Structures are given as structure tokens and as C-alpha cells.
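# Overview (structure and organization)
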Amino acid sequence: MIKATITGVEASLPEYILTNEELSRMVDTTDEWIMTRIGIRERRIIEEGKGASSVGAQAVEKLLKKTGTKPEEVDFVLCATVTPDHQFPATANIIMDKCGIRNGFGFDLNAGCSGFLYGLVTAARFVESGHYKKVILVGAEKMSSIVDYTDRATCCIFGDGAGAVLIEPTTENFGVMDSILLSDGVGRVHLHQKAGGSVSPASHDTIDNREHFIYQEGQAVFKWAVSQMADTSLELMRRNNLSADDIAYLVPHQANLRIIDAVGKRMDFPPEKVMVNIEKYGNTTAATLPLCLWEWESKLKKGDNLLLTTFGAGFTWGAAYLKWGYDPDVNYEL
Ligand code: UT7
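Rules of the game
- Residues numbered from 1 in each chain as written.
- Predicted model: local features only at pLDDT ≥ 70, side-chain atom pairs only at ≥ 80, totals over all residues.
- Heavy atoms only, no water.
- pLDDT = per-residue confidence, 0-100.
- Helix = DSSP H or I, 4+ residues; strand = E, 2+ residues; numbered from the N terminus.
- Salt bridge = Lys/Arg side-chain N within 4 Å of Asp/Glu carboxyl O.
- Buried < 20%, exposed > 50% of the residue type's maximum accessible area, 1.4 Å probe, protein only.
- Pairing = 2+ DSSP bridges.
- Axes fitted to C-alpha atoms, helices over the stretch in contact; angles between N-to-C directions.
- Contact = heavy atoms within 4.5 Å.
- Near = heavy atom within 4 Å.
- Polar contact = N/O pair within 3.5 Å; in protein donor to acceptor, adjacent residues only side chain to side chain.
- Areas by Shrake-Rupley, 256 points an atom, 1.4 Å probe, with all protein chains shown as cover.
- Nonpolar A, V, L, I, M, F, W, Y, C, P; charged D, E, K, R; others polar.
- Phe/Tyr/Trp six-rings, centres within 6.5 Å; stacked < 30°, edge-to-face > 60°.
- Right-handed = clockwise from strand over helix to strand, strands pointing away.
- Expected span 1.5 Å × (residues − 1).

Here the chain shows a mean pLDDT of 97. Residues at 70 or above account for 99%. The secondary-structure element of the chain with the lowest mean pLDDT is helix α8 (residues 218-239), recorded at 97, while strand β6 (residues 135-142) shows the highest, at 99.

This is the structure we're talking about:
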């Protein structure tokens, strides 16, 4: 049986660092409030005139180089994003062009902050079919393009960046082992962008009313996020006979340190087994999970069990059980 496994991970972060100190000069907030309520110290911001594909393409280029993959070998590029360069064409196609990938196909996937998780399961199905050998999944976001920097309730949360993984077939028992993906559109009222889509295209009014930015009812999202991420992860562990002891790391979406802590506690995970880097990058939406995998890559060993879990706009949520497929000293040229 063919399984789909991650064989490399890379990332790209814009250089500009937006600190809490700078934010506190833009809106009525403090480093102390942001650190205690959200756990973010700084986030990266893509310069004006560039889109999500700038970091997305950079992450993919680095991934091709690191894994010794030629652009012409890539079968499929899936880009998870809520901040595409344009409404159309897909940002995946722009990234492919920038990276010289011309023998494959690509499209975008919008599942809010669950984009990378949904994408991982989607990409895995293509690989498991036996028809696709080299699939790239990239989570790329320019959240700063839809953040209202006069709204203190949302502007501290989000950051820009991208992470990409190469997914390949294996006949060994590694890779995406199991997953649960769920959505409930009833939650859309709590987290959305009011204008810019077909129901309310851009107009003078939508701009005057600041409707092209993220709208979030934080507390409602917070409650759903904690219970759904924990419950879904526990269900996935139960049906795979896994306890926290069997899992090397929990890899949660990075939306709020208090959400991550609450999920970890509900699941009986000691803090050292929970990947957390929100302090440095904020919530990068579809890029949070690959940014975690990228930072922890040197610590991961072949056979390590990982549990990925997310929650985001839609609402969308889910969990995936991954058996990591390579050791840190892997020679990518082989
Ligand atoms: O990734 C997609 C999923 N998104 C999430 O998971 C986000 C989930 N929600 C959250 O992380 C939190 O709800 C927030 C970080 C968005 C907000 O934190 P909170 O602890 O739920 O704050 P709150 O909205 O209940 O607001 C509490 C107080 C309010 O003041 P009053 O009305 O009590 O006087 C806010 O105006 O905190 C105030 N406040 C701030 N104060 C200083 C809100 N933002 C700020 C701020 N600085 N930046």
C-alpha cells in the first residue's frame, strides 16, 4: 500500500519585524496586554507591492534546493491561503511560474487557519493514488493585507510568512496515518471578511466602512477553538490507540498561546511536547503548521508520531496523525 510522507520542509519569512512596541504606537495597546492575552511578541510583515506568493515562492525554491528536486519533477502544487495575490488566478500558479514548475498542475485551497491541515490530507490522497510522485504543499499568507491597523482587537494577532513541504510516496509505514477534518459554516458569522467577494464587491461604501479587513468575535472563536481542537485530537488518538506518551509532539495552530495551553492541558501533554513559536511570528493562518515543522525539523526522528491540529474561519477544524518519515541528518541528495 502506498502512503504519503513529508520528505522535506522549508519556510520563508519577510525581513520586517513588527514589534508590540511599534503596535502600541499605532493603537491603544501594550506589550504586556499582548503577551499575557495572546503570547505574541513580534510578527513579520511583507513589504508593500508584494503578495503572499513572494514568500510562498521563496519557501518552495528553498524546498526544491534542499530536497534536490528539479522543478520539472513536480507533479502538483497546492497553495493554502486566505490572502491570495489576486482573486484569480490561483496563487499556486503564480508560485509555480516563479519557481519554473511547468510540468504539473496547481490550485489554491481556502480553509482559513486549517488550510495547511486540509491541504496535507488532500495532497496525501493524490500521492496515495499512485499517480503523483512529487507534490508540494505551501501555506503562504500576507495577513497584513487584510488587517485593520486601527483595530486593536485584531491587529496584534496576525503575521505574514510561508512554509512548504514536499510530499512523496513510500511503501514503508510512515506519513499521513489518519485524520479528521470537519467544518461548520454556522461559525462564519464570528470570523470573516465582509467585503471583496461576490456578495459585496469593493465599492466606496465598503471601503469607507472598513469592510475589507478581518472581522473577528474573539471570545466565540476562542471557545470553539479550544473545545474542537482538543476533542477532535482526542478522538483521533482514541481510534489509533495512542496516548500522549506515544506522541513526540503536538503541533497546534498558533492563534493564541492561551488556546494552545488549554488544548495541551485538556490532552495531558506536557508543555515540552507542544510546538509553540507564536511569540515570534503571530498567527500566520495557513503557514503556522509548516513554520512549526520547519523549526522543529532538526529534532524530529524517523518514526516520531506527530499530532497536528487546527481551528479557523469557516469554521474549519481537524487533526492529523503523522508518522515522521526521516531523520534530521538525512542526505537529501540521495
Ligand atoms: O486563527 C483563527 C482563529 N482565531 C482565534 O483562535 C482567535 C481566538 N480569540 C482570541 O485569541 C482572543 O479572543 C483575542 C486575542 C482575540 C482577544 O482576547 P480576549 O482575552 O478574548 O479579549 P476580549 O475580546 O474579551 O477583550 C477584553 C478587553 C476588552 O476591553 P473591555 O471591553 O473589557 O474594556 C477589549 O477592548 O481587552 C480589550 N482589548 C485590548 N486591550 C489592550 C482587546 N484588544 C486589546 C489590545 N490591547 N490589543
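Okay, the pattern of salt bridges next. Between side chains of opposite charge, pairing is possible as soon as their charged atoms come close. Counted under the stated rule, the structure contains 16 salt bridges. For R41, the salt bridge goes to E279, with nearest N and O atoms at 2.9 Å. Remark: E279 occurs in helix α10 (residues 278-281) and R41 occurs in the loop between α2 (31-37) and β3 (42-45); sequence separation between them is 238 residues. For R41, a relative accessible area of 36% corresponds to the partly exposed category. The exposure class assigned to E279 is partly exposed, which follows from its relative accessible area of 37%. Where K50 meets E47, a salt bridge forms, and the shortest distance between an N and an O atom there is 3.6 Å.

The next point concerns the sheet that holds strand β1 (residues 3-12). Across the sheet, five strands lie side by side as β1-β7-β6-β4-β5; this open sheet has mixed pairing. Each edge of the sheet is formed by a strand with only one pairing partner; in this case those strands are β1 and β5 (105-109). Going across the sheet, the axis of each strand differs from the next one's by a mean of 20°, ignoring polarity. Summarising the sheet, strand β4 (residues 76-80) and β5 pair through five bridges and their orientation is parallel. Residue pairing in the sheet places A80 in a bridge with L109 of β5. Against the sheet, helix α5 (residues 115-128) makes contact with β1, β4, β5, β6 and β7 (160-170), and its axis sits at roughly 165° relative to β4, the strand it touches most. Of the strands in this sheet, β1 and β7 are in contact with helix α11 (residues 288-296), which crosses β1 at around 85°.

Let us look at the site of the ligand. If you check the shell around the ligand, you find 23 residues, and the closest are T29, R37, Q219, N256 and N283. Residue R258 places a side-chain N or O atom 2.9 Å away from an oxygen atom belonging to the ligand. Here the ligand loses 73% of its free accessible area of 950 Å² to cover by the protein chains. Of all the elements, α8 adds the most residues to the shell around the ligand, at four residues. A per-class count over the shell around the ligand returns 12 nonpolar, seven polar and four charged.

With that out of the way, let us pick up unusual backbone geometry. The amide bond that connects F88 to the next residue, P89, takes the cis arrangement and shows omega of 0°. Mapped onto the elements of the fold, P89 is located in the loop between β4 and α4 (91-99). For the peptide bond that leads from G314 to F315, omega is -10°, which places it in the cis range. The residue R210 is not glycine, and still its phi comes out positive at about 55°. Topologically, R210 is positioned in the loop between α7 (204-208) and β10 (214-216). Although it is not a glycine, T285 adopts a positive phi angle of roughly 55°. Accessibility expressed as a relative area gives 3% for T285, which makes it buried.

Moving on, we come to the packing of aromatic side chains. A full pass over the atoms with the stated rule returns 13 aromatic pairs. Here F76 and F107 contribute two aromatic rings whose centre-to-centre distance is 5.3 Å and whose plane-to-plane angle is 35°, an arrangement assigned as tilted. Pair noted here: F76 is in strand β4 and F107 is in strand β5, with a separation of 31 residues, a long-range link. Residue classification places F107 among the partly exposed positions, given a relative accessible area of 31%. Ring plane angle 50° and centroid distance 5.8 Å describe the contact between F105 and F126, whose orientation is recorded as tilted. Taken as a pair, F105 in strand β5 and F126 in helix α5 lie far apart in primary sequence, 21 residues in all. One aromatic cluster is present, formed by F76, F105, F107, F126 and Y132 through successive ring pairs.

So, on to the pairing of β4. Counting buried residues in β4 gives five out of five residues, a clear majority hidden from the surface. The alternating pattern of β4 places F76, L78 and A80 on one face and V77 and C79 on the opposite face, and all of these are buried. Handedness of the β4-α4-β5 crossover: right-handed. With five bridges joining them, β4 and β6 adopt parallel strand pairing.

Turning our attention to the pairing of strand β11 (residues 249-252). Taken residue by residue, a regular strand's side chains alternate between the two faces of the sheet. Burial along β11 is two-sided: Y249 and V251 facing one way and L250 and P252 facing the other are all buried. Sheet analysis places β11 next to strand β12 (residues 305-312), joined by four bridges and oriented parallel. Paired with Y249 across the strands is L306, a residue of β12.

What follows deals with α5. Here α5 contains 14 residues, and its C-alpha end-to-end distance of 20 Å stays within 8% of the 20 Å for a straight helix at 1.5 Å per residue. Of all the 14 residues making up α5, 10 are buried; the element is thus mostly covered by neighbouring parts of the structure. Of the residues one or two after α5, G130 is the one with positive phi, at around 90°.

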